[in-house]
Amino acid sequence: FNIEEGAAQNLNIYNITKRVVGRIEEKRTEKRIAGSNLFETIPIEFHYLSLRNAEEIYGVNSLMDMIVDNLTSNAVKSIENNSRRISVGRIDYRYKGSSENFILEVSDNGAGIDPSIENDIFKAHVSSEPNGVGFGLYFVKHVLENVFGGTIRFESTPYKGAKFIFSIPLNK
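Rules and cut-offs
- Residues numbered from 1 in each chain as written.
- Predicted model: local features only at pLDDT ≥ 70, side-chain atom pairs only at ≥ 80, totals over all residues.
- Heavy atoms only, no water.
- Pairing = 2+ DSSP bridges.
- Helix = DSSP H or I, 4+ residues; strand = E, 2+ residues; numbered from the N terminus.
- Axes fitted to C-alpha atoms, helices over the stretch in contact; angles between N-to-C directions.
- Contact = heavy atoms within 4.5 Å.
- Salt bridge = Lys/Arg side-chain N within 4 Å of Asp/Glu carboxyl O.
- Phe/Tyr/Trp six-rings, centres within 6.5 Å; stacked < 30°, edge-to-face > 60°.
- Buried < 20%, exposed > 50% of the residue type's maximum accessible area, 1.4 Å probe, protein only.
- Polar contact = N/O pair within 3.5 Å; in protein donor to acceptor, adjacent residues only side chain to side chain.

Asker: Can you walk me through the sheet that holds strand β6 (residues 151-157) in this structure?
Answerer: Sheets are built from strands paired through backbone hydrogen bonds, the pairs being either parallel or antiparallel. An order of β2-β4-β5-β7-β6 is seen for the 5 strands of this open sheet, with the pairing classed as mixed. On the outer flanks of this sheet lie β2 (44-49) and β6, each paired with one strand and no other. Strand-to-strand twist in this sheet, taken as the mean axis angle between neighbours without regard to direction, amounts to 10°. Pairing between β2 and strand β4 (residues 89-95): 6 bridges, direction parallel. Following the sheet pairing, Y48 is matched in β4 by Y93. Across the sheet, helix α2 (residues 61-81) touches β2, β4, β5 (101-108), β6 and β7 (161-169), and the angle it forms with β4 is around 150°. Helix-sheet contacts for helix α3 (residues 136-146) involve β6 and β7, and the interaxial angle to β6 is about 140°.

Okay, here's the thing in structure tokens:
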């Protein structure tokens, strides 16, 4: 992934996250109307905790959009897979920046990460979804490390949820 000259810009994570959530909610509404899956009817609340105060980061908008989209889509699927245990899904976006790093947490109250794949979750072709390709988290990790110079990790508790935390250095 090489950044073309002129493609990088200051990014507002709050605006990116709101745009991604809007697209995902629209897709879920279309599926509900089509009646494709009863589990997709579980309501999901999205909480933007301190995102409005987040530092802008420098990078490529489309890449950050894909990172947030992948983490959010995975959280939605995890909540839908946990819908027999919860009545309302919740996804929290929490900014925890410092003077040196932009830190974003994306957490949910879904099914959590399957313990059998926890050690390989960021490898290509690893997925807990029956029809999953297993490229999303691999892509997220690769872009965060190689384009943004950042890191990603996760915490998970089965049937309680997962939290993905990524950090990007602020170049001041």
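Following the structure, the description resumes.
Asker: Could you clarify how one ought to interpret the pattern of salt bridges in this entry?
Answerer: Note on pairing: side chains with opposite charge can pair once their charged atoms come close. The final tally for this structure, using the stated rule, is 12 salt bridges. Notably, a salt bridge pairs D65 with R19, separated by 3.3 Å at the nearest N-O pair. You can see D65 sitting in helix α2 and its partner R19 sitting in helix α1 (residues 13-34), a full 46 residues away along the chain. Among the salt bridges present, the one from D120 reaches K123, with a minimum N-O distance of 2.9 Å. What you see here is one network of salt bridges that share partners, running through R94, K96, E105, R153, E155 and K163.

Asker: What's the story with the packing of aromatic side chains in this structure? I'm lost.
Answerer: Per the counting criterion, the structure on display carries 9 aromatic pairs. Centre to centre, the rings of F135 and Y138 are 5.6 Å apart; their planes meet at 50°, and the pair counts as tilted. Relative accessible area serves as the criterion here: at 32%, Y138 is assigned to the partly exposed category. Aromatic pair F135 and F139: ring centres 6.1 Å apart, planes at 40°, arrangement tilted.

Asker: Help me understand unusual backbone geometry in this model?
Answerer: Trans is the prevailing form of peptide bonds, just as negative phi is the prevailing case for residues other than glycine. Despite not being glycine, S50 shows a phi value in the positive range, around 60°. Mapped onto the secondary structure, S50 falls in the loop between β2 and β3 (57-60). By relative accessible area, which is 34% here, S50 ends up partly exposed.

Asker: Help me understand the environment of S83 in this model?
Answerer: The residue S83 is located in the loop between α2 and β4 in this model. Engagement of the side chain of S83 in a polar contact is seen with the backbone oxygen of E80, the distance being 3.1 Å.

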